[in-house]
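Examining the three-dimensional arrangement
Residues per chain are reported as follows:
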Amino acid sequence: MFENKFYQDLAVLSVNTAKLRNYYIPFPTMEAAFLAKDRQESENFLLLDGQWAFEFYASIHEIPVAFSEIPNTSLSKTIPVPSCIQNYGYDAHQYVNVSFPIPYDPPYTPYDNPCGIYRRHFELGEISERDYYLNFEGVDSNLYLWVNNQFVGYDQVTHSNSEFDVTPYLHEGTNEITVLVMKWCAGTYFEDQDKFRTTGITRSVYLVQRVKDCLWEYKIETPINPTSQTGVLHFRTPYQGEIHYLLFDLNGVKIDEGAASREFIIKVSNCAYWSAEIPNLYTFVMEVNGEYISEKIGFREFTIKDRILYLNGQPIKLYGVNHHDSHPELGPSMLKEDYRIDMLKMKQLNMNGIRTAHYPKSPEFYELADEIGFYVISEADIESHGVVNLFGESADYNLMARDEMFGEIIENRIIRSIIPFQNRASVFMWSMQNESGYGVNYEKAQKMVRKLDTTRLIHNERAAEPDLSRMNDFSNLDVISRMYASFSDVARYCEGNFDKPFIQCEYSHAMGNGPGDLADYFELMEKYPSYIGGFVWEWADHAMYLTDEFGRRVLGYGGDFGETLHDGNFCVDGLLFPDRSITSNALEYRNIHSPIQLKKVEGERVTLRNIQSFLTGAAFLGELSIHINGEKTGVIPIDLSRISPLSEQEIIFERPVVSVYDDVTINFVLKNQEGEVIGHQQKILQESQIRVPDILINEIEERNLIQVKQKQSCYILAGESFSYTFDARTGCFTQLKVAGEELLVAPSYIHLWRAPIDNDRYNMNNWRQAGYETNQWNLISFAITEKSAKVQIKGHYRLGKPGIQNILDMHIVITISLSGTIQYHFDVEKGINLPDLPRFGIVFPLKKLFDKVNYLGYGPYDSYVDKHHASHFGKYQQEISEMFENYLKPQENGNHWKTIEASVLGPVACQIRSSKSFNFSFLPYSATELTQAPHSYDLPISSAHHLSIDYKQNGIGSASCGHYLKEKYRFSEQKFQWDFSLSFLENQVMI
Ligand code: GAL
Ligand code: MG
């Protein structure tokens, strides 16, 4: 029996931990402190990451010894630190979103609480006249610590540093650390975040050596005065002794030096302020008793006035993203370099903000955010979302927010999320929690935070869920924050009589193929000064490796690890794939948020707008180009240096002479100094007036008549170079033979179904019930007429499903010309009271010899009515492999919106045209195959290359977590007419 009770005692938050302090690493010399790029360069720092001895127990009660004997257990395995045990074959992964993973019974945890014992040794030279502090930057969910056989202390709060003064326990020579980590503790009720639930020493461990009587905690604030371009370094500490300090400017030139104690200020003239755009950092070095601490100082001041967010006196907007610590290899254990990779990618995608969803990061994250430049909402390690899933009337969002029994825990978690990072320039707002309701516990905590830090804003999104039984106090909140607010709600907040700016701590749910609403939210940010920005949910997909039944190492999501309580692929909802490869969704974000915007074109006047608050356009290279029918004609390099922050510039260009048949666009490409494209925007200057389907009716030559033969319901139509088999029952061709080659692997078919994208998850059942996936055609009447140079088929069809009203009523007219061109004309009426259609079109399952496509439309990435900014109208030539986006959960992808013309190339070229623009995709899988495969690696071997020619598709949206599509993006027409033609050209032509 495991006799210690700390882990399920609400009153035990920490045992014998050192007093909380701001994060820093001490150095032994001035030079080292000043020059170090990494904390490992400090001789006072001993990193204890690496292989530790390890033993796993499925239950704490299986530990074979008494609690006090735990340091003496023998451990037979090893495990890397940091990591989570589930990645090394112990316990099992579980992905769950809202529900608590254990019965709701705080502070108790299940009797069989899985746990691991960790041990490692390290050498110490002569024990100096120093103090030694052992730091754990994050242990999931708690830790019991022994050093050299003696019990040192206990701590919890997974995403928080635990620091222990281990001086009395250490000796010269080999020292031993033993740590017991449990899967659950009382803290579990506060860590119900939507993620894989992991266990272990998940962040770095290190020992720091300190001088006796050291500077422990200090706070630096940086009030500024933009009018005089000055800044003040305001230093405060409870430490009584003398502090020698030096301040260096951006170039490392010493600008001040002195000695003081307790509280002092240093004035900086000509101060270079910090912002995410220009992350200027001064270096401030403090010396106390021979110990040197270096701080990077960003002089900056965030303020709110008239519901607008200002930084250093300039209005700013937050173009942000939510970032979880999640990685397919490392699980929750992201190291500094992994953070750096993510941040550099965010910069390339024009993001300037990060919300640390839903817990504080390890300290190096904040240092990088200061250095690379981000506005950070730092969130406390609190989420008690599971209270909404209690049974019946017990479900109560505000349960834990209101119950004063939890007040101290909440306050403690919030303080622990603030003090360590209180000197970081990048943090502009403290977030109290995520999805834990609202109530007195938060009101008290907010009051406390207000006193603790007067320089930053306070955020609590769940003020959206006020306790209606009482008057709620929002006075210590600085913003109205909502997640997934609809467009109309955004407008309501911004136009309403509120006294706080509006922010979306989460919006645009980037799950699977999506989001489709980024451009519309951006438009609202442009429109309303009080809409200060938003943070997309979320940065990257969460997925973990597993070995499947075929022995393959593949990525899994909820339910793939044998867990019964899980939320499936709801964790696969990032802009980036788990390995951080970029998707078209991320590029959609990038182009919409281009720092210099192509605002409008009027006549020969282009207006560019710099949406940055501090950088002029000089930081970028710009290029305007005119494209006629997708071909670039003229390039105009643009000198952007004159566009000041938040202002516009007009450029005059010469409109080309074109005919009414031409499609003309103007494209604006923005590159950074390294020449990388960071924005691409386009405006349509002219859409062609006439689009004629290529039906060649003039080829009248008596001897070339089309032969028509009937075989039951099928008709064989043969010309000089073709033979088509048409099935009157389906209105489709079952085979197309051109130049002796059969082109189809299976009959063509008319479809309404798209492999549901994640945003279709709430529509999908309706769609299925309405017969959009499986249905049957009924032929009402049919006629075929042969004329001298063409054959015309007329069919009247109904689409039905047993038990429900007609889905569609459709008249088709198909004309086949002597040259073999097929022209389809559709006249369609949808049955009444049916949902929006996923799509309407026709699929040709082509032989795989067709493997390339040329098109004039929106590419090169997939494009939809509401998601097409990664792409542009232009002329593209692509391989079929480039047309497919390999989502971990397969779904509709690869559509090309507003296509004017496309040619699929194989043994012959199939050319598609229409009198209107159309949609098409060319994919190695059918919609059925994509629908049925739970993972990308479950897709069958491709048997055909599916050319899908569509009149329309429903929009993409963000409805997996958010509102349904705007009216204008819905495929809700009751009646429509459409045509397209298909011509076969024996010599492959490039359009
Ligand atoms: C929010 C929540 C996130 C995540 C998201 C859905 O409600 O804060 O943690 O669950 O929804 O993916
Ligand atoms: Mg949640």
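Residues numbered from 1 in each chain as written. Chains lettered and ligands numbered in written order. Predicted model: local features only at pLDDT ≥ 70, side-chain atom pairs only at ≥ 80, totals over all residues. Heavy atoms only, no water.

The chain appears in an unreviewed UniProt entry as Beta-galactosidase from Enterococcus aquimarinus. Under the UniProt heading Sequence similarities (unreviewed entry), the entry covering the chain gives this text: "Belongs to the glycosyl hydrolase 2 family." If you open the UniProt record of the chain and go to Catalytic activity (unreviewed entry), you find "Hydrolysis of terminal non-reducing beta-D-galactose residues in beta-D-galactosides." (UniProt positions renumbered as here; feature names shortened; annotations may be inferred.)

Next up on the list: the sheet that holds strand β31 (residues 427-431). Read across the sheet, 8 strands follow the order β32-β31-β30-β29-β28-β35-β34-β33 without closing on themselves; strand pairing throughout is parallel. Looking at strand neighbours, the two that pair on one side only are β32 (457-459) and β33 (480-483), the edges of this open sheet. With direction set aside, neighbouring strand axes in the sheet form an average angle of 25°. With 3 bridges joining them, strand β29 (residues 353-355) and strand β30 (residues 375-379) adopt parallel strand pairing. What sits directly across from R355, in β30, is I377. Contacting β29, β30 and β31, helix α3 (residues 363-373) crosses the sheet at an angle of about 160° to β30. (Pairing = 2+ DSSP bridges. Helix = DSSP H or I, 4+ residues; strand = E, 2+ residues; numbered from the N terminus. Axes fitted to C-alpha atoms, helices over the stretch in contact; angles between N-to-C directions. Contact = heavy atoms within 4.5 Å.)

Taken domain by domain, the chain holds domain 1 (316-544 + 575-590), domain 2 (595-686) and domain 3 (707-985). Of the residues lining the interface, 23 residues belong to domain 1; the matching set on domain 3 comes to 29 residues. Around 2,100 Å² of area is buried between domain 1 and domain 3 when both sides are counted, 55% of it from carbon and sulfur atoms. There are 1 salt bridge connecting domain 1 and domain 3. Put simply, D520 and K966 hold a salt bridge, and the shortest N to O gap is 3.2 Å. At the boundary of domain 1 with domain 3, the tally comes to 20 residue pairs in polar contact (both at pLDDT 80 or more). With 4 residues, helix α9 (residues 584-592) is the single largest residue contributor to the side of domain 1 that touches domain 3. (Domains from an automatic or database assignment. Buried area = accessible area lost by both parts, 1.4 Å probe. Salt bridge = Lys/Arg side-chain N within 4 Å of Asp/Glu carboxyl O. Polar contact = N/O pair within 3.5 Å; in protein donor to acceptor, adjacent residues only side chain to side chain.)

Under the defined criterion, the tally for this structure stands at 53 salt bridges. R552 is the partner of D548 in a salt bridge, and the nearest nitrogen-oxygen pair spans 2.8 Å. Using a relative accessible area of 14% as the deciding quantity, one classes D548 as buried. Connected through shared salt-bridge partners, R39, E137 and E364 make up one network. (Buried < 20%, exposed > 50% of the residue type's maximum accessible area, 1.4 Å probe, protein only.)

We now examine the side chain of S486. Along the polypeptide, S486 turns up in the loop between β33 and α7 (487-495). Setting aside chain neighbours within four positions, we find S486 in contact with Y521 and H963.

Turning next to the pairing of strand β40 (residues 621-628). Counting buried positions along β40 gives 6 out of 8 residues, so the element sits mostly inside the fold. Judged from the 7 bridges that link them, β40 and strand β41 (residues 631-638) form a sheet pairing that is antiparallel. Residue S625 lies in a different strand from β41, and its bridge partner there is V635. Hairpin connection from β40 to β41: 2 residues lie between these consecutive antiparallel strands, with N629 at a positive phi of about 50°.

On to the pairing of strand β61 (residues 975-985). Burial within β61 is extensive, with 8 of its 11 residues counted as buried. Direction of pairing for strand β54 (residues 822-830) relative to β61: antiparallel, over a ladder of 8 bridges. Opposite Q823, over in β61, you have S981 as the bridge partner. Pairing of strand β59 (residues 909-923) with β61, which is carried by 5 bridges, proceeds in the antiparallel orientation. Its bridge partner lying in β61, I912 is registered against L982.

Before going further, it helps to spend a moment on the coordination of the magnesium ion (ligand 2). Looking at the metal site, the magnesium ion (ligand 2) is ligated by E383 (OE), H385 (ND1) and E435 (OE), spaced 2.0 to 2.2 Å from it. Read N to C, the donor residues that coordinate the magnesium ion (ligand 2) are spaced as E-x1-H-x49-E. Taken together, the positions of E383 in the loop between β30 and α4 (399-402) and E435 in the loop between β31 and α6 (440-452) put the pair 52 residues apart, joining distant regions of the chain. When its relative accessible area of 0% is taken as the criterion, E383 is described as buried. Given the relative accessible area of 13%, E435 is considered buried. (Donors = N, O, S within 2.8 Å, 3.2 Å for Na, K, Ca; no water.)

At a closest axis distance of 10 Å, the pairing of helix α8 (residues 518-527) and α9 adopts a crossing angle of 25°. Taken together, the axes of α8 and α9 lie roughly parallel to each other. Between α8 and α9 lies a crossing whose hand is right-handed. Counted together, L518, A519 and F522 of α8 and N585, E588, Y589 and I592 of α9 form the full contact between these two elements. (Parallel < 35°, antiparallel > 145°, perpendicular 65-115°, else oblique. Left-handed = near helix turned anticlockwise from the far one by under 90°.)

Here we come to empty space enclosed by the protein. Enumeration according to the criterion identifies 8 cavities of 30 Å³ or more in this entry. Each pocket or cavity is described by its volume, and for the largest cavity that value is around 170 Å³. Forming the boundary of the largest cavity are 15 residues, of which D140, T188, E191, R197 and T198 lie nearest the centre. Residues of the lining of the largest cavity, tallied by class, amount to 2 nonpolar, 8 polar and 5 charged. (1 Å grid on protein atoms, 1.4 Å probe; cavity = no way out; pocket = protein on both sides within 12 Å on 5 of 7 lines; lining within 4 Å. Points joined across faces, edges and corners; volume = space filled by probe spheres on them. Nonpolar A, V, L, I, M, F, W, Y, C, P; charged D, E, K, R; others polar.)

Here the residue pair A357 and H358 is connected by a cis peptide bond, since its omega of -10° sits within 30 degrees of zero. In this structure, H358 sits in the loop between β29 and α3. Cis rather than trans, the peptide bond between G859 and P860 has omega equal to 0°. Here P860 shows up in the loop between β56 (852-859) and β57 (872-879). Of note in the backbone geometry, D91 takes a positive phi value of approximately 50° without being a glycine. Within the secondary structure layout, D91 lies in the loop between β5 (77-81) and β6 (95-96). The class for D91 is partly exposed, based on a relative accessible area of 28%. Here the phi dihedral of V157 falls at roughly 75°; this positive angle occurs in a residue that is not glycine. By the element assignment, V157 lies in the loop between β11 (150-156) and β12 (162-165).

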